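Architecture at a glance
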Amino acid sequence: TWHLKKIPQIVSERTFSLDSPKFEAKTELELNSVCGIECQRKLPVPSFSDLKDLLSYETVFENGTRTLTEVNVLGLVLDPAANATTRRPSRKKRQIYGTDSRFSIYDKRFMTNFPFNTAVKISTGCSGVLISPKHVLTAAHCLHNGKDYVKGSKRLRVGLMKTKSRGDGRRRKGAKRSRRETSDGLPSFQWTRVKSTHIPKGWFKGVSEDVALDYDYAVLELKRPHKRKYMELGISPTIKMMPGSMIHFSGFDNDRSGQLVYRFCSISDESNDLFYQYCDAEPGSTGSGVYLRLKEPNKKKWKRKIIAVYSGHQWVDINGEQQDYNVAVRITPLKYAQICFWIHGNDENCTQG
């Protein structure tokens, strides 16, 4: 069951203008030398002042201007518990773990309907997910390498799926339909410009100081609203509260060009902010929305909600050895409050997760 949680408030305090970014960074779809499971266990719990700094955020607008917004956090009770993780048997593998368990979605009935049609393509080479009529959730490192915004992010676009049809489908009265006009079942994209991009300051700090991926998420505001069903946000439960510990996500893996790829798998390990798992994935699916399907409280209805952002393949240090996982950034109550604030512009609609 989805459990309702009291959400802390993120409120804006001050906004400053910053110099325009250079937009010269190279897009890196795989990150190295990040804080792994053992490192996460040793991290101190952030103080209130730390959290205010980490949750402050940069906004980049389509004309290249940039601002920094400082925030305050209200109604939060700090958990004194350390970054405990739930250990499960570990194994050394690669990005595709054993038998490739990914499914390419070809059928139009699935591809153009919920939940698959909430997956979007980002023009920098990543994936994302629709989370409101005008907002997309993706990974921060798809847009920023920790020092500068990546090339192409100044004129950022989001591709919404539509089924590809060769030819425009129009023909003169009496003309025969040619083979080239029939649909080949692969998605093409309706591209929409991005009006603004929000990235938490914790991402810049995390990369530059080489600590963690905890803030590897970003929200894009589209220039025009879409008219599709979108995925709601949910608070990430612990592994033991998930049916079979299973998660799901869909994205556009580079090795399956032009295809929407779906996968599901169980989580191997977790920290307060990250899920470590062996979902088969390749670059291109980075930024996909990880979701669960649970029952609504006091109802018989099932509902899917986004509970994490797929960050990609990571080498992590465990007991002095390099081991690899596919990692996702969990949506905690604080991150829920921040993303919800970005969507609504206030905290009034964000009190219950």
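Going by the structure above, here's the rest.
Residues numbered from 1 in each chain as written. Predicted model: local features only at pLDDT ≥ 70, side-chain atom pairs only at ≥ 80, totals over all residues. Heavy atoms only, no water.

This paragraph deals with the state of the cysteines. Counted under the stated rule, the structure contains two disulfides. Two residues share a disulfide in this structure: C126 and C142, whose sulfurs sit 2.1 Å from each other. One quick way to see it: the torsion about the S-S bond of C126 and C142 is about -95 degrees, and its sign makes the bridge left-handed. Of this pair, C126 sits in the loop between strand 5 (119-122) and strand 6 (127-130) while C142 sits in the loop between strand 7 (135-138) and strand 8 (157-165), and the two are 16 residues apart along the sequence. (Disulfide = S-S within 2.5 Å. Helix = DSSP H or I, 4+ residues; strand = E, 2+ residues; numbered from the N terminus.)

Moving on, we get to helix 2 (residues 48-55). The set of residues buried in helix 2 consists of L51, L54 and L55. Buried residues in helix 2, looked at end-on, bunch into an arc of 85 degrees, giving them a common side. (Buried < 20%, exposed > 50% of the residue type's maximum accessible area, 1.4 Å probe, protein only. Arc of directions from axis to C-beta.)

Residue position: K162 is located in strand 8. In the structure, K162 is positioned 27 residues away from F189 in sequence and 5.7 Å away in space, judged by C-alpha atoms.

Summed over all chains, the structure comprises eight aromatic pairs. Where F189 meets W191, the ring centres are 5.7 Å apart and the plane angle is 50 degrees; that geometry is what we call tilted. When its relative accessible area of 17% is taken as the criterion, F189 is described as buried. The partly exposed category is assigned to W191, whose relative accessible area is 34%. Centroid distance Y217 to W342: 6.2 Å. Interplanar angle 40 degrees. Geometry classified as tilted. Here W342 lies in helix 5 (residues 333-344) and Y217 lies in the loop between helix 4 (201-208) and strand 10 (218-222), a separation of 125 residues in the sequence. One aromatic cluster in this structure is built from Y57, Y215, Y217 and W342. Seen from the ring of W191, R157 lies directly overhead, with NZ or CZ sitting 4.7 Å from the centre. (Phe/Tyr/Trp six-rings, centres within 6.5 Å; stacked < 30°, edge-to-face > 60°. Lys NZ or Arg CZ within 6 Å of the ring centre and 35° of its normal.)

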